[in-house]
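# Inside the fold
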Amino acid sequence: MRDIVFTRSGWLPSAIREDGELKLMLAAGADANHDPRTFTFPISEAHLAVIREDLGRHLLLWSAVLPLCDAAGTRGRLDEDAAVALLDPILLSSPGDVDAFFRRVRWDRSRLVAHGADIGLLERGQLCAAMRAATEGADDKRAQQYHADRRRAERGVVLGPLDTGILRYTGQYLHGATIPRRLPDAVDPALLPQVMQVIDTAERACVGMRIGLDPRRGNRATDRHDWDRMATTVDAALRRAYPELVEDAVRTVSFLMCSEAADRARSTPVEDDDEVADGHGDLGEGARKTVLSFTDDQGTEKKWFRDGPRTASAEFWEFVAERSTGDNEVFTIEDEERGEGIQLHFYADSVARITTVRPGDAGSDPQYRVEYCLVDGLGGYRKLVSAFVRGGCAALDQFGPWMSEVAEFERARRRRVVR
């Protein structure tokens, strides 16, 4: 039989009487099913009297019990002896002794901050005085902000007003790992024009830049090389224009620019992402391929036909996005009619072009010329693929040097890795 003797709003511990015994009950942590766990431990009438009358001490006790609940984990028992040992020092001692006691035990600072504790006094170890400002209701955002400031302080970061405004604008003031957004209403109206000037500087710096999709990593992955290039450009522009900004503020603006560019790439049709340097897609004037065969390293094959609705490159990169995995990183485009093809080695940043020197006849095997070339990222692969579908192996000469000796090619690879 359990009866509630005293309770406050929210999650603060409640006093109950269970089978005639007075106990403190609180919900904390979670079990294996992510449901809150409930813990109880015995208290006396004297302890209950203080809990009733003194919100600050009630909160202090809660903050000291919570680490014991965390230690119990998802299925362990609460250390009742340790919990009971907290009662007298926190509820019945003088303020000075309470402050001294908290210097020796673990306690949950965030709960006290959320319930209005004076942060300055809390930082100086004057907990009883800090709790004079306590409120029964909790402001969890205040605790989140406090912890965000503490994490920055531990890294030696001190935010100025403009830094703060920028982080609030992108929604990364509390959580730096979130995807940045544009939240002008979160910024002090008097500061918003300055924040928008910073954003405008970043936007002008990356005009004309884009972040393409990287089908080697799936249907929605973006090109890391493009991302890094845009971030570097934005960072440099902001540091020139606003040298006083801290790293956190600069990084969040470049993250905003890059994430928005990546979203645009994901919503752009693949054909639009398939243009070559001269502005013509691979079905433009001069295209000569009529049928191509795409294969991967696991034997899957797909045919592309000239009279289809999409470009060869678009269909090839879609094929890559659907099939590429950690153990499937070799893809081939073959023109069987002309006896030539290219093989892309994503694991080695290289490509091989394969040309039939003599077709097989009278039971003999055909002879091939195989040449290797290093590739500079996804952009390099895209140029090679587009050039091949437009002009075959002969159109790839400009992307050399091409090496026919495997040993020479391996030496070139090692030199690039060392650099």
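Figured I'd write up the structure that's included with this text. (Residues numbered from 1 in each chain as written. Predicted model: local features only at pLDDT ≥ 70, side-chain atom pairs only at ≥ 80, totals over all residues. Heavy atoms only, no water.)

## Observations concerning the overall build of the chain
Operational definition: Only DSSP runs of H or I covering at least 4 residues are called helices, and only runs of E covering at least 2 are called strands; the numbering of each starts at the N terminus. Throughout, radius of gyration means the C-alpha value; the globule benchmark is 2.2 Å times the number of residues raised to the power 0.38. Categorising residues by exposure relies on relative accessible area from a 1.4 Å probe, with only protein chains included: less than 20% of the type maximum marks a residue as buried, more than 50% marks it as exposed, and the intermediate range marks it as partly exposed. By the convention used here, residues are in contact when the closest approach between their heavy atoms is within 4.5 Å. Computed with the Shrake-Rupley method and a 1.4 Å probe, the accessible areas treat only the protein chains shown as cover for residues. Under the counting rule used here, the positive set is Lys and Arg, the negative set is Asp and Glu, and His together with the chain ends is not counted. The location of each charge is read from NZ of Lys, CZ of Arg, CG of Asp or CD of Glu.
Scanning the chain from N- to C-terminus turns up 15 helices and 10 strands. Relative to a compact globule of 419 residues, whose C-alpha radius of gyration would be 22 Å, the chain shows 33 Å and is clearly more extended. Reported as C-alpha extents along the three principal axes, the dimensions of the chain are approximately 105 × 55 × 45 Å. Taking all 419 residues of the chain together, the buried fraction comes to 46%. Excluding contacts between residues fewer than 6 apart, the proportion of contacts in the chain whose partners are at least 24 apart in sequence is 57%. Accessible surface, the chain: about 21,700 Å² in total, of which carbon and sulfur atoms supply 49%. Averaging the coordinates of the 57 positive side-chain charges in the chain and doing the same for the 70 negative ones gives two points 4 Å apart.

## As for the layout of surface pockets
Note the following rule: Two kinds of site are reported from a 1 Å grid over the protein atoms alone, namely cavities, where a 1.4 Å probe fits but cannot get out, and pockets, open sets with protein on both sides within 12 Å along at least five of seven lines, and residues are called lining when an atom falls within 4 Å of a point. Grid points are joined across faces, edges and corners, and a volume is the space filled by probe spheres set on the points. Amino acid classes used here: Ala, Val, Leu, Ile, Met, Phe, Trp, Tyr, Cys and Pro are nonpolar; Asp, Glu, Lys and Arg are charged; the rest, including Gly, are polar.
By volume, the second largest pocket amounts to about 260 Å³. Looking at the second largest pocket, it is lined by 13 residues, and the ones nearest its centre are Lys141, Arg168, Gly171, Tyr173 and Leu174. For the lining of the second largest pocket, the secondary-structure elements that each account for two or more residues are helix H8 (140-154) and helix H9 (161-170). A breakdown of the residues in the lining of the second largest pocket according to their chemical character gives six nonpolar, four polar and three charged.

## Digging into the sheet that holds strand E6 (residues 301-305)
Operational definition: In this analysis, strands are considered paired if DSSP registers two or more bridges between them. Between the N-to-C directions of two axes lies an angle of 0 to 180 degrees, each axis being a line fitted to C-alpha atoms and, for a helix, fitted only over the stretch in contact.
Overall, antiparallel pairing links the six strands, which are arranged E6-E5-E7-E8-E9-E10 in an open sheet. Of all the strands in the sheet, just E6 and strand E10 (367-374) have a single pairing partner and so form its edges. Within this sheet the neighbouring strands show an average axis-to-axis angle of 20°, counted without direction. Relative to E10, strand E9 (residues 350-358) runs antiparallel, the two sharing eight bridges. Its bridge partner lying in E10, arginine 358 is registered against glutamine 367. On the sheet, helix H13 (residues 312-323) packs against strand E5 (291-296), E6, strand E7 (330-335) and strand E8 (340-345) and is oriented at approximately 15° with respect to E5. Packing against the sheet, helix H14 (residues 377-391) makes contact with E5, E7, E8 and E9, and its axis sits at approximately 170° to E8.

## Some points on the sheet that holds strand E3 (residues 21-30)
Taken in spatial order, the four strands line up as E1-E2-E3-E4 in an open sheet, and their pairing is antiparallel. On the outer flanks of this sheet lie strand E1 (2-6) and strand E4 (36-42), each paired with one strand and no other. Each strand of the sheet is rotated relative to its neighbour by a mean of 40°, with strand direction disregarded. Of the pairings in the sheet, the one linking strand E2 (residues 14-18) to E3 comprises five bridges and is antiparallel in character. Along E3, the bridge assignment pairs glutamate 18 with glutamate 21. Running at roughly 55° to E1, helix H1 (residues 45-53) makes contact with E1, E2 and E3 of the sheet.

## Some remarks on the pattern of salt bridges
Rules: We define a salt bridge as a side-chain nitrogen of Lys or Arg found within 4 Å of a carboxyl oxygen belonging to Asp or Glu.
This model, assessed by the stated rule, comprises 30 salt bridges. Aspartate 226 is the partner of arginine 229 in a salt bridge, and the nearest nitrogen-oxygen pair spans 3.1 Å. Of the two residues, arginine 229 and aspartate 226 both sit in helix H11 (residues 224-241), three residues apart, roughly one turn of that helix. Under the relative-accessibility criterion, arginine 229 is labelled partly exposed at 35%. For lysine 302, the salt bridge goes to glutamate 315, with nearest N and O atoms at 3.8 Å.

## Focus: H14
What counts, and what does not: One less than the residue count of a helix, multiplied by 1.5 Å, gives the span that helix is expected to have.
The end-to-end C-alpha separation of H14 is 21 Å, in line with the 21 Å expected for 15 residues at 1.5 Å each. Burial within H14 is extensive, with 13 of its 15 residues counted as buried. Among the residues trailing H14, glycine 392 stands out with phi positive, at a value near 75°.

## Things to note about a negative patch on the surface
Our working rule: Patch rule: a residue counts if its relative accessible area is over 30% and it has no salt bridge; like charges are joined within 9 Å, and nonpolar side chains (Val, Leu, Ile, Met, Phe, Trp, Tyr) within 5 Å.
A contiguous patch of negative charge on the surface is contributed by Asp19, Glu21, Asp79, Glu80 and Asp81. Residue placement: aspartate 19 occurs in the loop between E2 and E3. A residue is classified by how much of its surface remains accessible, and aspartate 19, at 67% relative accessible area, is exposed.

## Digging into unusual backbone geometry
Even without being a glycine, aspartate 19 presents a positive backbone phi close to 55°. Phi is positive for histidine 34, close to 70°, though the residue is something other than glycine. Tracing the backbone through its elements, the reader meets histidine 34 in the loop between E3 and E4. Classification of histidine 34 as exposed rests on a relative accessible area of 69%.

## A few points about the environment of leucine 174
Relative to the elements of secondary structure, leucine 174 occurs in the loop between H9 and helix H10 (192-205). The sequence separation of leucine 174 and alanine 143 amounts to 31 residues, and the corresponding C-alpha distance is 9.8 Å. Apart from the residues within four sequence positions on either side, leucine 174 is in contact with Lys141, Gln144, Gln145, Ala148 and Arg151.

## Concerning helix H4 (residues 95-102)
Buried residues of H4: Val98, Asp99, Ala100, Phe101 and Phe102, and no others. Taken together, the buried residues of H4 touch helix H2 (55-72), helix H3 (80-92) and helix H7 (127-130).

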